[in-house]
Amino acid sequence: MPRALITGITGQDGSYLSELLLEKGYEVHGTVRRTSALGRSRLDHLYNNPAIYNQRLFLHYAELDDPTTLRRVLTKVAPDEIYHLAGQSHVGLSFEIPESTCEMTAMGTLRLLEMVRDLPKAPRLFHAASSEMFGEPRTVPQDEETPFAPINPYGCAKAFATQMVTIYRRTFGLFACNGIMFNHESPRRGENFVTRKICRAAAAIKLGQQSELLLGDTSAHRDWGHARDYVRGMWLTLQHREPSDFVFATGQLHSVQEVVELAFETVGLDWRSHLKRDPRFLRPAEPQRLVGNPAKAKRQLGWEAQTAFRDLIREMTEAELTLLSAKT
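Cut-off values and rules
- Residues numbered from 1 in each chain as written.
- Predicted model: local features only at pLDDT ≥ 70, side-chain atom pairs only at ≥ 80, totals over all residues.
- Heavy atoms only, no water.
- Pairing = 2+ DSSP bridges.
- Helix = DSSP H or I, 4+ residues; strand = E, 2+ residues; numbered from the N terminus.
- Axes fitted to C-alpha atoms, helices over the stretch in contact; angles between N-to-C directions.
- Contact = heavy atoms within 4.5 Å.
- Salt bridge = Lys/Arg side-chain N within 4 Å of Asp/Glu carboxyl O.
- Buried < 20%, exposed > 50% of the residue type's maximum accessible area, 1.4 Å probe, protein only.

Hey, could you run me through the sheet that holds strand β5 (residues 124-130) in this one?
Picture the strands of a sheet paired through backbone hydrogen bonds; they go either parallel or antiparallel. Spatially, seven strands are ordered β3-β2-β1-β4-β5-β6-β11 in an open sheet, and the strand pairing comes out parallel. On the outer flanks of this sheet lie β3 (57-61) and β11 (246-248), each paired with one strand and no other. Going from strand to strand, the sheet's axes swing by 20° on average, the running direction of each strand aside. In this structure, strand β1 (residues 3-7) lies alongside strand β2 (residues 27-32), joined through five bridges in parallel fashion. Residue Thr7 lies in a different strand from β2, and its bridge partner there is Thr31. Sheet strands touched by helix α5 (residues 98-118): β4 (81-84) and β5. Its angle to β4, the strand with the most contacts, is close to 170°. Each of β5 and β6 (176-181) is contacted by helix α6 (residues 153-172), which is oriented at about 150° to β5, the strand it contacts most.

Right under this line is the structure:
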């Protein structure tokens with residue numbers, strides 16, 4: 001039974017990846033942060049299953065900024081594969097907490113690489129990189145050769161981490177890979193991300209629990225896919241015959257405004273009656289024309305996004321209707 005370790009297992013990607021690996025017969029271990037709250041809602045269906053939890057799924061307390069705990073888990077688990085997903089991943093928040101963003105996302109990755117390098121048998125490592133590293137790219141679409149030009153602290157931290165993974169692969173011979181992940185969403189997306197915020201608001205307004213949706217710039221465009229498709233790319237990356245970096249994207253641009261219109265269309269409401277602009281939600285700098293070219297992933301891994309944008313937003317909005325209706 002292959003053994004995998006996932007940092008950030010309680011996040012959106014970590015939960016979908018856990019399901020995928022369990023389906024493929026893995027023993028799955030994950031690191032979690034020690035907090036006063038015990039809720040891990042994205043993993044509840046696995047955590048509460050006695051046939052899975054502590055049988056094939058195991059959780060360990062560890063922190064990216066605490067090398068002792070992380071090294072202890074690595075030594076105890078001795079994984080065949082590591083999926084490094086943990087870090088401060090909210091772009092807007094990275095302007096407010098740039099130091100902790102860099103500490104977790106950049107230095108946390110470097111610490112992990114140093115530990116992996118020292119293990120008796122180095123596991124294969126996947127690092128979740130980000131399209132935010134491209135910032136304001138000179139070429140459209142972006143691929144594995146596009147230069148990094150980040151314009152926010154999160155993108156800068158990810159660029160550092162990604163380049164360190166490449167250095168450790170070339171210098172120390174690690175099977176270490178970067179997956180350059182363009183935006184990917186799902187009903188498990190954090191509530192402070194714009195897609196989830198929009199879908200949740202549309203459902204709440206439909207149910208009479210909310211009256212308006214406050215947003216900043218709705219003209220911003222992103223390459224949005226489904227997280228379920230993207231974690232499959234993570235797994236395929238570590239099954240490849242040699243370590244390499246891959247862009248995971250749909251290759252299609254959609255605007256925040258399109259998300260709004262699709263979410264309200266799903267619940268049968270006119271978005272014009274409920275959307276209000278609020279300058280508080282404008283970011284100091286907004287990346288432009290971020291759209292990925294996944295040709296290499298398709299050619300070498302046989303990967304491509306399978307969920308259409310319209311289906312993604314509809315699924316997210318319907319999930320919010322179900323969730324909010326259960327609370328009334």
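Let's pick the thread back up.
Hey, could you run me through the pattern of salt bridges in this one?
Opposite charge on two side chains permits pairing when their charged atoms draw close. Overall, the coordinates contain 19 salt bridges when judged by the stated rule. Note that Arg314 is salt-bridged to Asp311, the shortest N-O span being 3.0 Å. Pair noted here: Arg314 and Asp311 are both in helix α11 (residues 309-326), with a separation of three residues, about one helical turn. Take Arg314: its relative accessible area is 29%, and that puts it in the partly exposed class. Shared partners join several salt bridges into a network, and the residues in it are Glu191, Arg196, Arg200 and Glu320.

Mind showing me how you'd approach the pairing of β6 here?
The two faces of the sheet receive side chains in turn, since in a regular strand these alternate between them. Across the six residues that make up β6, a large majority, six, are buried. In this structure, β5 lies alongside β6, joined through six bridges in parallel fashion. Across the sheet, the residue bridging to Ala129 is Ile180, located in β6. Pairing of β6 with β11 involves three bridges; the strand directions are parallel. Counted as the bridge partner of Met181 is Phe248 from β11.

Would you take a moment to explain the pairing of β4 for this structure?
Burial along β4 is two-sided: Glu81 and Tyr83 and Ile82 and His84, pointing in opposite directions, are all buried. Here β1 runs beside β4; their pairing, made up of four bridges, is parallel. Looking across to β4, one finds that Ile6 is bridged to Tyr83. By the bridge criterion, four bridges tie β4 to β5 in an arrangement that is parallel. Its bridge partner lying in β5, Tyr83 is registered against Phe126.

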